[in-house]
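Listed below are the residues making up each chain.
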Amino acid sequence: MDQPRTGGLQKKFFVALLIVGILPGVAALIATYLYSTDSLKHSIGNGFQEIARSTAIRIAAAVDTEIDRAARLALVPIHIRHSLEVANQRYAGKSEGQIQALLEAERTAWSKARTEGAPLPLPGTTAYLREWAQEAGYYVGVAIADNQGALVATSTPRTPYLNGDRDWWREAFEERKAYVSSIRHDPALNDYVFDVSVPILDVGHTKPVGVVGLVIRRDVLMNTILPIRIGETGHGMLLDTEGTPLICPVLPPTAHLIHESLLNRLAQDRPLWLVAEDDAHGGHNSIVGAAPVRFAHQLSPSSLGGEQWFTFVRQQPEETYAPIYSLLVTVGLIGFGLVIALASLGFLVGRRIVSPILALRREADALRRNVATLPDSIPARDGTARPASIDIRTGDELEDLARTFEAMRRALEESLRTVKTQQEELIRREKLASVGQLLAALAHDLRNPLGVIRSSAQLVLEEQQAESVKQEVARYIIEEVDRLTHRINDFLRYARQKPPEPRPVLPRDLADAALRQWNAQGSHESIVLDTNFAEALGPVQVDPDQVKEALVNLLINAQEAMPQGGRLTVAARAVEQGQVEIEVADTGCGIAPAHLEHIFEPFFTTKEYGTGLGLTNVKRLIQDNGGFLEVRSQEGTGSRFLIRFAAGPPSGRSGRTAEPENEAVGA
């Protein structure tokens, strides 16, 4: 018997409660993560969007302020407008060629003066512009150009004299609108700057007469971006619609470029936030905010390099999602602790439940052993030596089950003791009945032949009998003795039931041995034998003597079923599922359907001289050797007996296939 399992239910309680705790815990963690992530994304995204929007407003306000300052500068009457009017009067009455010649001569003189370090023209206006620029501290230069783009006054000698082909003069003068350039790098200053220019209109504000141009350091815009700090890694940026970072406090503008897919999502005409798969700063699935920069002044078409500015706010995703991860760790630790506590409680509850069940198992096992050793283990009715009663006190259904089980055990032991006693008596009676039946059949089969043998022997003793009669009587006596021997062998086989001694043997060898013994018995001259043995049949693991004996019995039965002659077929072949089948078939009288279900019963026979043990012994011998016997018969046309054994691997011995023989045995 298998060893009893211990702790199975207790472990199942522990595992079940562990699973019951873990699965909802995992589901809660997932739900917490999804809900928290979604809520946090919306919260942070809306915050980033608002920061980007406010930053865009401040940048636009800073640029608008510079445009307003330039416009106010253009209205200064003495230093600006009067100087400009004087400069424009130089072109009065001159042709285009004369004007260009004048401008070229003045440009040459300007270049020579700058080379020689001569003071700038219009000292009063120059001093005013320098003083005006120094008030803010972030101007690189301030310039006034006339209606031909020629320089009227400037705060720095770095300003070129002719500016008619420069964007800051052309856009402001020709478009009559404010102009703001994109941010560019100034190699001389090794700094980033941008241009702001406005037109100077005549008194009637009908046409431009000059342009005020400002070169401004990028610091004026940086001061609106740098204060934006979100945690350790969050910051703001200024981009244009080409994806070029104009201002980034973390990386230089040339170190990264916003890729097109993200740019298309960011460059909208409204503030927004989104989750960027790649934020161009090494972050993945980052939350970013963006907003367009809208200026109060209407700018010329070429302003900002023909692009649009927008602000961009981002943070490293590790820092962004840190609160979620912290929350998940906290919830996970609390949940795991609760699961462990719940599983431990289940372990204790399982022990309390399992203890009485184990006691019931021990009681059941004791009952099994008692039943297996009946009647010795079950005491007499006086009650001595009974097993001790089990003591289970749980105050619940388990206690009721235990008491019911104990009562059932007592009743079962009493019933089994009675059944055991009656069974032994029944077996004894069946044995006596079987022996009586066997003796009766044996006496019946011996009495008549013995009487015939006795009378035949008396005939032989009479002297007046002819020699031919004596020989015939002697042969008859021999036949009767052989028949008696066959009957006695049937009885002995039925009674002994010797266990088989299996060994590997080829099916063809079994059939050949049975046919040789059957041929030796003779009296089958009118029977035609057909044999057909398939090639390369594997050996079967059987007792060859017992299987041969069974085959001989089948051959004899087939012979007796064809008293007028017929065809006897013996074949061996492989069938499905790795089995070998041996067939013995005849064309005799067949078996009636009513008799088919009884032919293997002991002492059942339809022959006047049979014992009814032949097929009984055949079936027992086949089954003892692990085989299966099947009979197919049709009354009047013959019978087929099919024997199947499990086949081993093909034998190295080459099997022969006997050609169907059409021979009259003994003819």
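Residues numbered from 1 in each chain as written. Predicted model: local features only at pLDDT ≥ 70, side-chain atom pairs only at ≥ 80, totals over all residues. Heavy atoms only, no water.

Colleague: I tried to follow the overall build of the protein chain on my own but got confused; where do I start?
Modeller: Scanning the protein chain from N- to C-terminus turns up 15 helices and 20 strands. With 667 residues in all, the protein chain has 40% of them scored as buried. A separation threshold of at least 6 residues defines the contact pool for the protein chain, and within that pool the share at least 24 residues apart is 68%. Carbon and sulfur atoms form 56% of the exposed surface of the protein chain, whose accessible area is close to 36200 Å². (Helix = DSSP H or I, 4+ residues; strand = E, 2+ residues; numbered from the N terminus. Buried < 20%, exposed > 50% of the residue type's maximum accessible area, 1.4 Å probe, protein only. Contact = heavy atoms within 4.5 Å. Areas by Shrake-Rupley, 256 points an atom, 1.4 Å probe, with all protein chains shown as cover.)

Colleague: What am I meant to see in the pattern of salt bridges here?
Modeller: Applying the stated criterion to the full structure yields 18 salt bridges. Note that Arg90 and Asp146 form a salt bridge whose closest N and O atoms lie 3.0 Å from each other. In this pair, Arg90 sits in the loop between α2 (77-89) and α3 (96-116) while Asp146 sits in the loop between β1 (139-145) and β2 (151-154), placing the two residues 56 residues apart along the sequence. In this structure, Arg640 engages Glu583 in a salt bridge whose closest nitrogen and oxygen atoms are separated by 2.7 Å. Placement of the pair is Arg640 in strand β19 (residues 638-646) and Glu583 in strand β17 (residues 579-586), with a sequence separation of 57 residues. Classification of Arg640 as partly exposed rests on a relative accessible area of 29%. Each of Arg573, Glu581, Glu583, Glu630, Arg632, Arg640 and Arg644 takes part in salt bridges that share partners, so that together they form one network. (Salt bridge = Lys/Arg side-chain N within 4 Å of Asp/Glu carboxyl O.)

Colleague: What am I meant to see in the packing of aromatic side chains here?
Modeller: The relation between two aromatic rings is expressed through the spacing of the ring centres and the mutual angle of the planes. Applying the stated criterion across every chain yields a total of five aromatic pairs. Consider the rings of Tyr138 and Tyr139, whose centres lie 5.0 Å apart with planes at 40 degrees: the pair is tilted. The same class applies to Tyr138 and to Tyr139, which are both buried. Relative to Phe173, the ring of Trp169 has its centre 4.7 Å away and its plane inclined at 10 degrees; by these criteria the two rings are stacked. Of this pair, Trp169 and Phe173 both sit in helix α5 (residues 167-175), four residues apart, which is roughly one turn of that helix. Comparing Trp169 with Phe173, the two get one shared label, buried. Connected via pairs of aromatic rings, a cluster forms that spans Trp132, Tyr138 and Tyr139. Sitting over the ring of Trp132, Arg69 keeps its end group 4.6 Å from the ring centre. (Phe/Tyr/Trp six-rings, centres within 6.5 Å; stacked < 30°, edge-to-face > 60°. Lys NZ or Arg CZ within 6 Å of the ring centre and 35° of its normal.)

Colleague: Just to check I follow, could you spell out the packing of helix α12 (residues 507-521) against helix α13 (residues 544-560) for this structure?
Modeller: The geometry of a pair of packed helices is captured by two quantities: the angle between their axes and the separation between those axes. Interaxial distance between α12 and α13 falls to 9 Å at its minimum, and their mutual angle equals 50 degrees. The angle between α12 and α13 places the two elements in the oblique class. Crossing angle aside, the handedness with which α12 passes α13 is right-handed. Judged by residue contacts, Leu510, Ala511, Ala513, Ala514, Leu515, Gln517, Trp518 and Gln521 of α12 engage Pro544, Val547, Lys548, Leu551, Val552, Leu555, Ile556 and Gln559 from α13. By residue class, the composition of the contact of α12 with α13 is 12 nonpolar, three polar and one charged. (Axes fitted to C-alpha atoms, helices over the stretch in contact; angles between N-to-C directions. Parallel < 35°, antiparallel > 145°, perpendicular 65-115°, else oblique. Left-handed = near helix turned anticlockwise from the far one by under 90°. Nonpolar A, V, L, I, M, F, W, Y, C, P; charged D, E, K, R; others polar.)

Colleague: Explanation requested: unusual backbone geometry in the structure shown.
Modeller: Negative phi values dominate among residues other than glycine, just as trans dominates among peptide bonds. Not every positive phi belongs to a glycine, and Arg176 is a case in point at roughly 55 degrees. For Arg176, the location among the structural elements is in the loop between α5 and β3 (179-180). A positive phi angle is found at His205, which is not glycine, with a value near 55 degrees. Within the secondary structure, His205 sits in the loop between β5 (191-201) and β6 (208-217).

Colleague: Is there a simple way to think about a nonpolar patch on the surface in this case?
Modeller: Judged by side-chain polarity, Ile22, Val26, Ile30 and Leu34 come together as a nonpolar surface patch covering roughly 340 Å² of accessible area. Of note, Leu34 is situated in helix α1 (residues 8-74). (Patch = residues over 30% accessible without salt bridge, like charges linked within 9 Å, V, L, I, M, F, W, Y side chains within 5 Å.)

Colleague: What should I look at first to understand the pairing of strand β11 (residues 286-292) in this one?
Modeller: Every other side chain in a regular strand lies on the same face of the sheet, so the side chains alternate between the two faces. Burial within β11 is extensive, with seven of its seven residues counted as buried. Residues Ser286, Val288, Ala290 and Pro292 of β11 are buried on one face, and the alternating residues Ile287, Gly289 and Ala291, pointing to the opposite face, are buried as well. Note: strand β10 (residues 272-276) against β11, five bridges, orientation antiparallel. The residue of β11 that forms the bridge with Ala276 is Ser286. Bridging between β11 and strand β12 (residues 309-314) involves five bridges; their strand directions are antiparallel. Each residue of the ladder has a partner; that of Val288, found in β12, is Arg314. (Pairing = 2+ DSSP bridges.)

Colleague: Please clarify how the side chain of Ser286 should be interpreted in this entry.
Modeller: With respect to the secondary-structure elements, Ser286 resides in strand β11. Residue classification places Ser286 among the buried residues on the basis of a relative accessible area of 0%. Excluding residues that lie within four positions of it along the chain, Ser286 makes contacts with Leu274, Val275, Ala276, Asp279, Gln315 and Pro317.

Colleague: Sorry, what's going on with the nonpolar core here?
Modeller: One recurring pattern in soluble globular proteins: nonpolar side chains tend to sit buried together. Membership of the largest hydrophobic core comes to 56 residues, with the highest contact counts inside it found for Val180, Val212, Leu214, Leu221, Leu238 and Trp309. If one sorts the elements of this core by residue count, α1 sits on top with 13 residues. If we ignore the near neighbours within four places in the chain, the residues touching Leu238 are Ile59, Ile183, Leu221, Thr244, Pro245, Leu246, Ile247, Val293, Trp309, Phe310 and Thr311. (Core = buried A, V, L, I, M, F, W, Y, C linked by side-chain atoms within 4.5 Å.)

Colleague: Help me understand the packing of α2 against helix α4 (residues 123-136), please; the structure alone is not making it clear to me.
Modeller: The geometry of α2 relative to α4 is characterised by a closest axis approach of 9 Å and an angle of 130 degrees between their N-to-C directions. Looking at the two axes, α2 sits oblique to α4. Between α2 and α4 the crossing geometry is left-handed. Between α2, through His79, Ile80 and Ser83, and α4, the contact on the second element is made entirely by Gly124, Thr125, Tyr128 and Leu129. The residue makeup of the contact of α2 with α4, split by class, is three nonpolar, four polar and no charged.

Colleague: Is there a simple way to explain the pairing of strand β16 (residues 566-575) in this structure?
Modeller: The pairing of strand β14 (residues 527-533) with β16 spans seven bridges and is classified as parallel. Note on β16: the bridge partner recorded for Asn532 is Ala571. Here β16 pairs with β17 via eight bridges, running antiparallel. Each residue of the ladder has a partner; that of Thr569, found in β17, is Ala585. Between β16 and β17, which pair antiparallel and follow one another directly, the connecting turn spans three residues, one of which, Gln577, has a positive phi of 65 degrees.

Colleague: Even after reading the chapter, I still don't get the environment of Asn264, so can you show me in this structure?
Modeller: Mapped onto the fold, Asn264 is located in helix α7 (residues 260-266). Spatially, the C-alpha atoms of Asn264 and Thr241 are 8.7 Å apart, while their sequence positions differ by 23 residues.

Colleague: It is not clear to me how the confidence of the model for the protein chain should be interpreted in this structure. Could you clarify?
Modeller: Do not read the predicted coordinates in detail wherever pLDDT is low. The pLDDT averaged across the protein chain works out to 79; a share of 79% of its residues lies at or above 70. Below pLDDT 50 for its whole length, residues 380-385 participates in five contacts with residues either more than four positions away or in separate chains. This stretch, residues 651-667, has a pLDDT under 50; its non-local contacts, to residues over four places away or in other chains, come to 44 contacts. (pLDDT = per-residue confidence, 0-100.)

Colleague: Hey, could you run me through the side chain of Ser155 in this one?
Modeller: Assignment of secondary structure puts Ser155 in the loop between β2 and α5. Overall, Ser155 belongs to the buried group, its relative accessible area being 12%. Apart from the residues lying within four places of it in its own chain, the contact partners of Ser155 are Leu129, Arg130, Gly141 and Val142.

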